[in-house]
Structures are given as structure tokens and as C-alpha cells.
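One letter stands for each residue in the lines below.
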Amino acid sequence: MGTRSLRFREALRAAMLEEMERDDSVFLLGEEVGHYQGAYKVTEGLLEKFGPKRVIDTPIAESGFAGIAIGAAMVGLRPIVEFMTWNFSAVAFDQILNNAAKLRQMSGGQLQVPIVFRAPNGSARQVGSQHSHAMEHFYAHIPGIKCIAPATPADAYGMMKTAIRDENPVLVFESETLYSLKGDVPDDPDFTVPFGVASVAREGKDISLISWSRPVHVCLDAAAELARQGIDAEVIDLRSLRPLDEETILRSVRKTHRAVIVHEGWSYGGVGAEIADRIQRFAFDDLDAPVGRVSFLDVPMPYNAALEQHVIPNTPRVVEAARAALYAR
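Thresholds applied
Residues numbered from 1 in each chain as written. Predicted model: local features only at pLDDT ≥ 70, side-chain atom pairs only at ≥ 80, totals over all residues. Heavy atoms only, no water. Phe/Tyr/Trp six-rings, centres within 6.5 Å; stacked < 30°, edge-to-face > 60°. Helix = DSSP H or I, 4+ residues; strand = E, 2+ residues; numbered from the N terminus. Lys NZ or Arg CZ within 6 Å of the ring centre and 35° of its normal. Domains from an automatic or database assignment. Contact = heavy atoms within 4.5 Å. Buried area = accessible area lost by both parts, 1.4 Å probe. Polar contact = N/O pair within 3.5 Å; in protein donor to acceptor, adjacent residues only side chain to side chain. Nonpolar A, V, L, I, M, F, W, Y, C, P; charged D, E, K, R; others polar. Pairing = 2+ DSSP bridges. Axes fitted to C-alpha atoms, helices over the stretch in contact; angles between N-to-C directions. Core = buried A, V, L, I, M, F, W, Y, C linked by side-chain atoms within 4.5 Å. Buried < 20%, exposed > 50% of the residue type's maximum accessible area, 1.4 Å probe, protein only.

A.B. asks: Help me understand the packing of aromatic side chains, please; the structure alone is not making it clear to me.
C.D. replies: Enumeration according to the criterion identifies ten aromatic pairs in this entry. Aromatic pair F83 and F117: ring centres 5.8 Å apart, planes at 5°, arrangement stacked. Of this pair, F83 sits in the loop between β4 (78-82) and α4 (93-100) while F117 is found in strand β5 (residues 116-121), placing the two residues 34 residues apart along the sequence. Connected via pairs of aromatic rings, a cluster forms that spans F65, F83, W86, F93, F117, Y139 and F173. Its end group placed over the ring of F50, K49 keeps NZ or CZ at 5.8 Å from the ring centre.

A.B. asks: Would you take a moment to explain the domain arrangement of the protein for this structure?
C.D. replies: Bring the parts together and some accessible area is lost; that lost area is often taken as the interface size. According to the domain assignment, the protein contains domain 1 (3-186) and domain 2 (199-325). Just the C-alpha atoms count here: the centres of domain 1 and domain 2 sit 26 Å apart. In this complex, domain 1 contributes 30 residues to the contact, which on the side of domain 2 involves 26 residues. Buried area between domain 1 and domain 2, both sides added, is near 2,200 Å², and the carbon and sulfur share of it is 57%. Between domain 1 and domain 2 we count 14 residue pairs in polar contact (both at pLDDT 80 or more) in total. Counting residues per element, the ones that place at least two in the side of domain 1 that touches domain 2 are α6 (136-139), β6 (146-148) and α7 (153-165). Ranked by residue count, the leading element in the side of domain 1 that touches domain 2 is β6, at three residues. Partitioned by chemical class, the residues of the side of domain 1 that touches domain 2 number 15 nonpolar, eleven polar and four charged.

A.B. asks: Explain the sheet that holds strand β9 (residues 199-202) to me, please; I cannot follow it from the model alone.
C.D. replies: In sheet architecture, strand pairing relies on hydrogen bonds along the backbone and comes in two forms, parallel and antiparallel. Here five strands make up an open sheet; going across it, the order is β9-β11-β10-β13-β14 and the pairing mixed. Edge strands, defined here as strands with exactly one partner in the open sheet, are β9 and β14 (292-294). The sheet shows a mean angle of 25° between the axes of neighbouring strands, taken without regard to direction. Two elements, strand β10 (residues 207-211) and strand β11 (residues 233-237), share five bridges in a ladder whose sense is parallel. Counterpart to L209 in the pairing with β11 is V235.

A.B. asks: I would appreciate a short explanation of the nonpolar core in the present structure.
C.D. replies: Side chains that are nonpolar tend, in soluble globular proteins, to be buried together. Core analysis: the biggest nonpolar cluster contains 47 residues, and F83, W86, F117, Y139 and L238 have the highest contact counts within it. Elements represented by at least two residues in this core include exactly β2 (26-30), α3 (62-74), α4, β5, β7 (170-175), α9 (246-256), β13 (259-262) and α10 (270-282). The element contributing the most residues to this core is α3, with six residues. Counting contributing residues, this core receives three or more from each of domain 1 (3-186) and domain 2 (199-325). Setting aside chain neighbours within four positions, we find Y139 in contact with W86, S89, A90, F93, I96, I145, C147, L171 and F173. Grouped together as the second largest cluster of nonpolar side chains are 33 residues, A11, V42, A156 and V172 included.

A.B. asks: Even after reading the chapter, I still don't get the environment of V91, so can you show me in this structure?
C.D. replies: Within the element layout of this structure, V91 appears in the loop between β4 and α4. Owing to a relative accessible area of 52%, V91 belongs among the exposed residues under this scheme. Taking the C-alpha atoms as reference points, V91 and I261, 170 residues apart in sequence, are found 29 Å from one another.

Listed below in C-alpha cells is the structure:
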């Protein structure tokens, strides 16, 4: 199997294009996905290839077009819904919480909702507090939906294909800051990445850095700095938040005996808290230090560039947290 070099946005686009070619029931809708080629150019060229019946520009009405897409999924179509950002999905939260997530269970399996919701998520660069939420923590709380957050072009490609083919609602959280990231992607239209399987992005023996999406790259940078200090850090890229690969997390912690969880979003509650809880419940006797966490500071995101960089997880904060877990300050 060969590879091709694609940017993150190109990998997402390739996955959607190939799945739309493979299955006529797949269609795309959202704000500016067609004539404008996508707010972040992820859907560039798809309107020209598939036409306006399968690439549909919608009004600025997230609750409305999310509901239309859920209805379409219930009668056998496979919609891909693009929100301009996950922040704006708050307007459609009721549709996702009370319809997409629950209809299969409430109908006793008579109805399925094979739908993908996707959008940029988390911090960007000076987009203000109302556009910088890390929304995966809200949605991973809900049974009935799956949540994924790839960190590489290959995973973006393979997991998007898995999402489109899934019979359940799947939410894809894409970091806006990764859209230009380039990497090797398998040149195989049948390549998929399963949900619930984490990736070991870097092997190590002294401490486990556990993350997903953009902060994975922060962890890799921190691991490189820690290596210069004689500390061998392992980096776990979860990729999938629900289902969660508990086995890989616990295996790593049992090897290193220390863990720091690094994520965007506020630290109160959320996926990071869930991971910390599982580590202390199932690997307590293997821990040599409390589980550390690095996240957004507990404030609305500042617009000022210097303050913004202070608030989000960065390499120095991860290095400091790792050294604290190793009692090496």
C-alpha cells in the first residue's frame, strides 16, 4: 500500500469525496460548504464534482439543518453536517442530545441515525472567547453518540471514513490549527481507522503524557524537551474519546507509573477528569505520583495573543507538570 502526502484538510476532503463516490446515500450540508468551498476549504471542489443536490449550502440556522440531517439519516441517507465551528453547535445542542443520540434506543432499534457532525474545535488564533470552546467535553458526556478527535492527516482520513460508514451518530472534532499540517496518508480507499483504539505516538518509560487532537503535538514537543533533560516520556494519542481505549491508557501507566493528561478545554469535569478517574480506579497501585493535568486555564479565552498563549496548554506547562509528577522540579 502506497502513501500520499496530504494536509489535514485535504485528508478529510479525500475521505469524504471517496465515500461520496462509493455510496450515493452520502451527502454534505452546512454553512458555506458549497459555493464558498468551505469556511476552512475542507470541502473545496465537492460542489463542482457532486452538484447542489449532494453538497448543500444552508442558511445560518444550525438547529434547523441539524434537524433536517437527522431526519434524512432516519430514512436511509448518510448526511455529513459541517458546522462552521463546534462553538456554533450549541445552537443545535437539543437536536444532537435529544434526537440524534436517543432515537435508536427510544425506537427499540427500529430507527438508526447514521450521521456525521464535523467542525473545527478548540483554540485557534485570536478568535475570541466565543469561538474557542473545546466542545468534545460536552458531547462525550452523552450516551448514544461517538466522539473522535484525530491529530494527524492519516487518522483524519481513516477515522472520517469509519465515521461515515458507522450506523450511529459520530462527532468529529478537528483542530483549526491542524488543517495545514502535512503527513503521509495511505493511498487506499478502503483504509479505515477503528474507533476506541489509541495510538502510541512516542514510546517511553518514565511518564505517560495522554492527549488528543492539537495537544498531542504539544506533548511530542514536551517529550523532546524532557528527553534533553534525561526523562523518557511516552505520548498516547487517544484519537477516540467515546469509545475510549482504556486498555492502552492503563498499560502505559502501569509501565511508567506516572501520568499527565493534556487537553484543551477547562479542567472542571470533562474527558480529562474521566481519564484521571479511570487511572486512579484501575491502576491506583501502579501510580507513584498523583495524576497531573494540563488544560485551559479556568477563564474565558482572551483575545490578546500573549494572554491566549498563556491560557492554552503549551510545551513549558507540560514539561513542568511532567517534572512535578517525577518530583524533579
